[in-house]
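Examination of the molecular architecture
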Amino acid sequence: MGSYKMLSCFNRKFEIGEAELQIEPPEDVRAAFNDYSENGNYMTAGLLHRFLVEDQGEVNATIADAECIIQKVIQQRHHITKYAGHMFTLDDFFHFIFSDDLNAPIKNEVHQDMTAPLSHYFIYTGHNSYLTGNQLSSDCSDIPIMKALKRGVRVIELDMWPNSSKDDVHVLHGRTLTSPVSLIQCLRSIKEHAFSASPYPVIITLEDHLTPDLQDKVAEMVTQTFGELLFYPESECVVGFPSPEALKYRIILSTKRPESRSFQDKESNSQKVKHMPDEDLVGKMGSDLMAEPESTDYKSDSDPQDDEDMDECYRYARQFGAPQYKSLITIPSGKPKGSLKLALKVERDKVRRLSLSEQAFEKATVSLGTEVVRFTQANILRVYPKVTRVTSSNYNPLMGWMHGAQMVAFNMQGYGKSLWLMHGMFRSNGGCGYVKKPGFLMNVGPHIDIFYPKATLPVNKTLKVRVYLGNGWCLDFSQTHFSASSPPDIYTRVGIAGVPADSKMEKTKAIEDNWNPAWEEEFTFPLTVPELALLRIEVHWSMKFRDDFGGQTCLPVSELRPGIRAVPLFDRKETSKGLLMA
């Protein structure tokens, strides 16, 4: 059993001198300075290097790294721009410890193997990426798409519909009051911002509600807009997915590939087409799965909601499509006939993407949990929010990740705990938008046990978190914001989001009447699946009638750096809010 210790300091980014003298170094910081300084007076670069290696676990740190840290701190605190053998005082050392730029809890660099197929990664995925607000009446715009890409989201979803004159393509949430945005505007924004946060591929999932001539138009728009950035396969038969590394700085499309049939047969064949419900309608699982005679709730991304109100040419589009459009699809989504169990069947020489609503996915994991995990080892599974989330809320993403789902699609325009977990997971691997799935989710072979999230497992690692102090809230609120006579009482909640056995929350005592609380409390979390665990930290004001929110963050446990670290906190919408030392 491994043991892991992290000591945290929460803080808000502030101007030098604005708030740094309001707090004193904790005793452990003083002790570390005394241990690694000359007679408790000064810390040289060589001694700082020892501290980084021995106490902070930075085994690859060099003397040059230590000299660079000292130079930056001296420049910030004393405005001396040239390094000339300067040394740290205790205050300089505390400034370094309390800087999330120099002493962050996780590294901001890509460090995982990026040469495996796309199906081996969790991918930062958006749902209805064009919506600015709720699912029924908000505006459609390219602005949410730009924001998502700048955050590092790698999967953008667009719903394509004909405009009123049926000669152009709009993006909107069909059969709602959402106002449309033009497809070409969305494509241009994707091209401009695709790689502003990450060099790894952007995947556009398309909900296709178009006639063949408009599919031709889309093919022309896509090829002309993206040019050499667009990647598409040489063959229609996709036997394996490329890797993120092979697709760096490329854009790819994912949707159902229209079937090729002779035009002469279209009239007879069109009568045999059976349409499945769109993801935006409430559906049910197949009878083979739940013993209920109801329609399936898995989908391809090109099916109309109701073929009663579609004209003939719309139905033909599902079968015949535009050849050029068809050839541009890199990740095909399929719709096997029959039960969900059949839909999850792994084909030896063919890979595809399958989409499930969160409800269908939950039900599938109850009776088909191992089949779901096995399917995701080579194929791509996308999970999307249920239709009743009209306010653009989200679900627990761990549900998808525990079963290997690569594309856990989220409404990125909102906020809340679920979205905090999503952002926390994708702080992994330098925030590049691709996180390598744990090896136990990729175990293959007839005699290898498939991972089962609800199984009773032994403790694999123990995480210890000591919360020292927090700072910066006095810069957000006036001295009398909470009370005419005193600052608020502040406490911290610390816990784990992960598999059911690992999930729990703890709480510090409330520090009364202090803008700069010092808790100095330690918590221990035994973890059975640390690879999927996220460290949750929330700060709250303790008030007479209700508690108020002071800041939060979420960090992947597998990426945490040991030692005393400065942890930046964010508000509900993930903008800067405070900083905690732990």
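Following the sequence through the fold, cysteine 432 ends up in the loop between α15 (417-425) and β13 (434-436). By relative accessible area, which is 2% here, cysteine 432 ends up buried. Here the alpha-carbon distance between cysteine 432 and valine 110, two residues 322 residues apart in the chain, equals 6.9 Å. Ignoring sequence-local partners within four residues, the contact set of cysteine 432 consists of Val110, Met114, Gly152, Arg154, Ser198 and Tyr200.

On to the pattern of salt bridges. By the definition in use, this model includes 17 salt bridges. Here aspartate 92 and arginine 77 are joined by a salt bridge, their closest N and O atoms 2.5 Å apart. On the criterion of sequence distance, the pair formed by aspartate 92 in helix α4 (residues 90-97) and arginine 77 in helix α3 (residues 63-78) is long-range, its members being 15 residues apart. On the basis of relative accessibility, which here comes to 2%, the residue aspartate 92 falls in the buried class. Note that arginine 151 and glutamate 574 form a salt bridge whose closest N and O atoms lie 4.0 Å from each other. Residue arginine 151 is located in helix α5 (residues 143-151), and its partner glutamate 574 is located in the loop between β20 (563-570) and β21 (576-581); the two are separated by 423 residues in the primary sequence. What makes glutamate 574 buried here is its relative accessible area of 11%.

Right, let's talk about the nonpolar core for a bit. Nonpolar side chains tend toward joint burial in soluble globular proteins. With 77 residues, the main nonpolar core has Leu158, Leu183, Ile190, Ile204, Trp401 and Met422 as its most contacted residues. With 7 residues, helix α13 (residues 358-375) is the largest single contributor of residues to this core. Those residues within four positions of isoleucine 204 in sequence are excluded, and the remaining contacts are Ile156, Leu158, Leu187, Ile190, Phe226, Ile251, Ile252, Leu253 and Ser254. One finds Phe33, Ala45, Leu102 and Ile564 within the second-largest nonpolar core, a separate group that totals 30 residues.

The next point concerns α5. Along α5, the positions that sit buried rather than exposed are Pro144, Ile145, Met146, Ala148 and Leu149. For α5, the secondary structure elements touched by its buried residues are β3 (155-162), α6 (183-193) and β6 (202-208). Downstream of α5 by one or two residues, glycine 152 has phi in the positive range, about 115 degrees.

This brings us to the environment of serine 503. Among the structural elements, serine 503 can be located in the loop between β15 (489-497) and β16 (504-507). Overall, the relative accessible area of 36% leaves serine 503 in the partly exposed class. Residues serine 503 and alanine 533 lie 30 residues apart in sequence; the distance between their C-alpha atoms is 8.2 Å. Within the structure, serine 503 has its side chain in polar contact with the backbone nitrogen of glycine 498 (distance 3.1 Å).

Attention now moves to the packing of α5 against α6. Their axes nearest at 9 Å, the elements α5 and α6 cross at an angle of 20 degrees. The pairing of α5 with α6 is recorded here as roughly parallel in orientation. The element α5 and its partner α6 pack so that their crossing is right-handed. Facing α5, whose interface residues are Ile145, Met146, Leu149 and Lys150, α6 presents Cys186, Ser189, Ile190 and His193. Each residue belonging to the contact of α5 with α6 can be placed in one class, and the counts come to 5 nonpolar, 2 polar and 1 charged.

Positive phi, normally seen in glycine, also occurs at asparagine 128, with a value near 45 degrees. Mapped onto the elements, asparagine 128 comes out in the loop between β2 (121-123) and α5. With a phi close to 65 degrees, serine 392 is a non-glycine residue in the positive phi region. Mapped onto the elements of the fold, serine 392 is located in the loop between β11 (380-384) and α14 (398-401).

Okay, the sheet that holds strand β7 (residues 251-255) next. Read across the sheet, 6 strands follow the order β5-β4-β3-β6-β7-β9 without closing on themselves; strand pairing throughout is mixed. Since the sheet does not close on itself, it has two edges, and those belong to β5 (181-182) and β9 (329-332), each with one partner. Inspection of the sheet shows strand β4 (residues 169-171) paired to β5 by 2 bridges, in the antiparallel sense. Bridge pairing in β5 links valine 171 to valine 181.

Positionally, glutamine 112 belongs in the loop between α4 and β2. Beyond its immediate chain neighbours, meaning those up to four positions away, glutamine 112 contacts Asn429, Tyr434, Val435, Lys436 and Glu559.

A separate point is helix α7 (residues 212-226). Spanning 15 residues, α7 covers 21 Å between terminal C-alpha atoms, matching the ideal 21 Å at 1.5 Å per step. Those residues of α7 that sit buried are Leu214, Gln215, Val218, Ala219, Met221, Val222, Thr225 and Phe226. The arc that holds every buried residue of α7, seen down its axis, measures 165 degrees, which confines them to one face. At the C-terminal side of α7, glycine 227 shows a positive phi close to 55 degrees.

Moving on: the confidence of the model for the chain. Detailed reading of the predicted model is not advised wherever pLDDT is low. Looking at the chain as a whole, its pLDDT mean stands at 85, while 80% of the residues score no less than 70. This stretch, residues 261-278, has a pLDDT under 50; its non-local contacts, to residues over four places away or in other chains, come to 33 contacts. In the predicted structure, residues 302-318 sits below a pLDDT of 50 and forms 52 contacts with residues beyond four places in sequence or in another chain.

Reading the values: the criteria
- Residues numbered from 1 in each chain as written.
- Predicted model: local features only at pLDDT ≥ 70, side-chain atom pairs only at ≥ 80, totals over all residues.
- Heavy atoms only, no water.
- Helix = DSSP H or I, 4+ residues; strand = E, 2+ residues; numbered from the N terminus.
- Buried < 20%, exposed > 50% of the residue type's maximum accessible area, 1.4 Å probe, protein only.
- Contact = heavy atoms within 4.5 Å.
- Salt bridge = Lys/Arg side-chain N within 4 Å of Asp/Glu carboxyl O.
- Core = buried A, V, L, I, M, F, W, Y, C linked by side-chain atoms within 4.5 Å.
- Polar contact = N/O pair within 3.5 Å; in protein donor to acceptor, adjacent residues only side chain to side chain.
- Axes fitted to C-alpha atoms, helices over the stretch in contact; angles between N-to-C directions.
- Parallel < 35°, antiparallel > 145°, perpendicular 65-115°, else oblique.
- Left-handed = near helix turned anticlockwise from the far one by under 90°.
- Nonpolar A, V, L, I, M, F, W, Y, C, P; charged D, E, K, R; others polar.
- Pairing = 2+ DSSP bridges.
- Expected span 1.5 Å × (residues − 1).
- Arc of directions from axis to C-beta.
- pLDDT = per-residue confidence, 0-100.

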